[in-house]
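# Survey of secondary and tertiary structure
Here are the chains, one letter per residue:
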Amino acid sequence: MQGLRRFAAHVGLFGGILGLLWLLLMLSTLIPNQALKEHMEQSALSYKEKQAFSFERGSRFYGISDNYADAILLNISWNMGKVQENAGKNPAAASLDTGYYDGGDLGENAGLYLAVIDDRVEANTDYTRYWHGSAMFVRLLHLITDVNGIKWAGLTVTLLFVAITIGIMIKYRHYDLAGALVLSMAAVEIWNIRLSLEYQPAFLIAFILCPLYLYGERKKERWLTYLSVLGGTLTGFFDFLTTETVALLLPLLLVVAVRGAENRLGDFGKSAKMLLWCGAGWLAAYGGAFLVKWTAASLVTGENKFAAALSSAGERMAGSLGAEGTLDFPLRILAAVGANLTVLFGGEKRVDLPRVVIGIAVSLLILGSVFYLFYRKKGDKTALRLLGMLGAVVFLRYMVLSNHSYLHEFFTYRALICPVFALLAGMTMFFRNSRR
């Protein structure tokens, strides 16, 4: 009976959070487009001279700005606001039947500008497979600033929660783990999430949740599954398949690292079970958010939105790898992992195996030297195994969604913050005595 009540509470949390988010998205559609038109025009013009994917940091792939995705997000956000102009649409329909004007031969950047300046231009491309929850902030913030201001705001808020997370770790004297987190963020150039609006939601959600996980694990462990449901719901609503695993793995890695440092992990089986329950709750909420969107959109439009969404999912897993064509399964998953590691080590092309090999070798040499100099005790085997398990999930994601991870490695590589932190946090277990 107690298990049934907890299950119902988790489902209720999912429904309540998703319902609230949907309500806020609907309310944002009621903001008159005329009120944000001036700043939206400025945003559209800022993409005038930009390519769909522009290099903002030399020729390094980690400095690519996804103007294509941002232009579509702004286009969708603008079209959501046409509820006042279209008597056949209500806020619910506007928030669900999401689409954009593709600009025809001129491209998506031009399509955004034409949609904003000409009220007669209608959306002609369906994009209902995501919630596009970020549109509520795009619409709200365009009342006072343009897309560049919103990008800076997103980075600033993310770094604020990073500071809160690090502050909590310092409060409990986990200076080494705080340092490991900072190094992990630097490894994936976290400041470059400012390059695109769509790079930000997963990291913002992750760092909002990190302090909550660190607080919850000291109070009542069962709170962690509720937080995981919250994280899965938020990620499904706001993220568009970028670094979604970060929103679950990074908070859990911090919990394992802190408990390991304080000798509070207990036996492996119990801790692994806790992580599995958290993962199940997150995955159920994440998948559930998509199912609700596709169901609601199908009911509102009278069209089957599941077919297109599932077709897109299949393409993300096993589609062709761009100009390289289709590779055999083993080569495809190796190419996906190699591409992301290439970006991590500053690559200037999609896959650069010599760079990856040299990067890994140099990293191991540096870490090995640090280990030799500061080794003091045997590491907590339970902590090391759990950190390894969580870090490996990122590589599993690259393998399962190999097509997506390969073609979009310039942003999916940032999920490597998790295995990097897992490695560095694991090393700290060898450096000083356990403490409570």
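Residues numbered from 1 in each chain as written. Predicted model: local features only at pLDDT ≥ 70, side-chain atom pairs only at ≥ 80, totals over all residues. Heavy atoms only, no water.

### What to know about the overall build of the protein chain
Counting secondary structure elements, the protein chain contains 19 helices and four strands. Computed over its C-alpha atoms, the radius of gyration of the protein chain comes to 22 Å, within 12% of the 22 Å expected for a compact globule of 436 residues. Along the three orthogonal principal directions, the C-alpha set of the protein chain runs to about 70 × 55 × 45 Å. Counting only residues that meet the buried cut, the protein chain has 53% of its 436 residues in that class. Taking all contacts inside the protein chain whose residues are at least 6 apart in sequence as the whole, residues at least 24 apart take part in 79%. Each charge class in the protein chain was averaged separately, 41 positive and 33 negative side chains, and the resulting centres sit 15 Å apart. (Helix = DSSP H or I, 4+ residues; strand = E, 2+ residues; numbered from the N terminus. Rg over C-alpha atoms; globule rule 2.2 N^0.38 Å. Buried < 20%, exposed > 50% of the residue type's maximum accessible area, 1.4 Å probe, protein only. Contact = heavy atoms within 4.5 Å. Lys, Arg positive; Asp, Glu negative; His and termini not counted. Charge placed at Lys NZ, Arg CZ, Asp CG, Glu CD.)

### Topic: the packing of aromatic side chains
Under the definition given, this model contains 23 aromatic pairs. An angle of 35° between the planes, with centres 5.8 Å apart, marks the rings of F53 and Y68 as tilted. One end of the pair, F53, is in strand β1 (residues 53-55); the other, Y68, is in helix α3 (residues 67-80), with 15 residues separating them in the sequence. Classification of F53 as partly exposed rests on a relative accessible area of 37%. The exposure class assigned to Y68 is partly exposed, which follows from its relative accessible area of 31%. Looking at R218, its charged tip hangs above the ring of Y172, at a distance of 3.6 Å from the centre. (Phe/Tyr/Trp six-rings, centres within 6.5 Å; stacked < 30°, edge-to-face > 60°. Lys NZ or Arg CZ within 6 Å of the ring centre and 35° of its normal.)

### Considerations on the pattern of salt bridges
For the structure on display, the rule yields 15 salt bridges. Two residues, D118 and R120, come together in a salt bridge whose shortest N-O distance is 3.0 Å. Here the residues in one salt-bridge network are E217, R218, E221, R259, E262 and R264, joined through shared partners. (Salt bridge = Lys/Arg side-chain N within 4 Å of Asp/Glu carboxyl O.)

### Structural notes on a nonpolar patch on the surface
A cluster of nonpolar side chains, contributed by L20, L23, L24, L27 and L30, occupies part of the molecular surface with about 430 Å² of accessible area. Inspection of the secondary structure puts L23 in helix α1 (residues 2-29). You can call L23 partly exposed: its relative accessible area is 42%. (Patch = residues over 30% accessible without salt bridge, like charges linked within 9 Å, V, L, I, M, F, W, Y side chains within 5 Å. Areas by Shrake-Rupley, 256 points an atom, 1.4 Å probe, with all protein chains shown as cover.)

### Topic: the packing of helix α11 (residues 246-261) against helix α16 (residues 381-400)
Packing of α11 against α16 brings their axes to within 10 Å, and their N-to-C directions diverge by 170°. Considered as vectors, α11 and α16 are oriented roughly antiparallel to each other. Residues L249, L252, L253, V256, A257 and G260 of α11 touch α16, and the partners they reach there are A383, L386, L387, L390, G391, V393 and V394. Of the residues assigned to the contact of α11 with α16, the class counts are eleven nonpolar, two polar and no charged. (Axes fitted to C-alpha atoms, helices over the stretch in contact; angles between N-to-C directions. Parallel < 35°, antiparallel > 145°, perpendicular 65-115°, else oblique. Nonpolar A, V, L, I, M, F, W, Y, C, P; charged D, E, K, R; others polar.)

### Side note on α11
Here α11 is 16 residues long and its end C-alpha atoms lie 22 Å apart, about the 22 Å a rise of 1.5 Å per residue gives. At the C-terminal side of α11, N263 shows a positive phi close to 55°. (Expected span 1.5 Å × (residues − 1).)

### Some words on the environment of R222
By the element assignment, R222 lies in the loop between α9 (201-219) and α10 (223-238). The partly exposed category is assigned to R222, whose relative accessible area is 40%. For the pair R222 and L160, spaced 62 residues apart in the sequence, the C-alpha separation amounts to 27 Å.

### Here we look at the state of the cysteines
One pass over the structure, following the stated rule, counts zero disulfides. With no disulfide of its own, C210 lies 8.9 Å from the sulfur of C418, the closest cysteine sulfur. (Disulfide = S-S within 2.5 Å.)

### Some remarks on the confidence of the model for the protein chain
As a note on interpretation, predicted positions should not be read in detail where pLDDT is low. Looking at the protein chain, pLDDT values average 92 and 94% of them are 70 or higher. Averaged pLDDT values for the elements of the protein chain fall to 73 in helix α13 (residues 305-318) and rise to 98 in helix α7 (residues 147-171). (pLDDT = per-residue confidence, 0-100.)

### Structural notes on the environment of F371
Position of F371 relative to the elements: it lies in helix α15 (residues 353-374). Here F371 falls in the partly exposed class, since its relative accessible area comes to 29%. When the C-alpha atoms of F371 and F431 are compared, they prove to be 7.9 Å apart, with 60 residues separating the residues in sequence. Residues within four places of F371 in sequence aside, it is in contact with M427, F430 and F431.

### Description of the packing of α7 against α9
When two helices pack together, their arrangement is captured by the angle between the axes and the distance separating the axes. Running from N to C, α7 and α9 point in directions that differ by 25°, and their axes come no closer than 9 Å. Comparing the axis directions of α7 and α9 gives the class roughly parallel. As α7 runs across α9, the sense of the crossing is left-handed. On the side of α7, the interface is formed by V157, T158, F161, V162, I164, T165, I168 and M169, while α9 contributes F203, L204, F207, I208, C210, P211 and L214. Residues of the contact of α7 with α9, tallied by class, amount to 13 nonpolar, two polar and no charged. (Left-handed = near helix turned anticlockwise from the far one by under 90°.)

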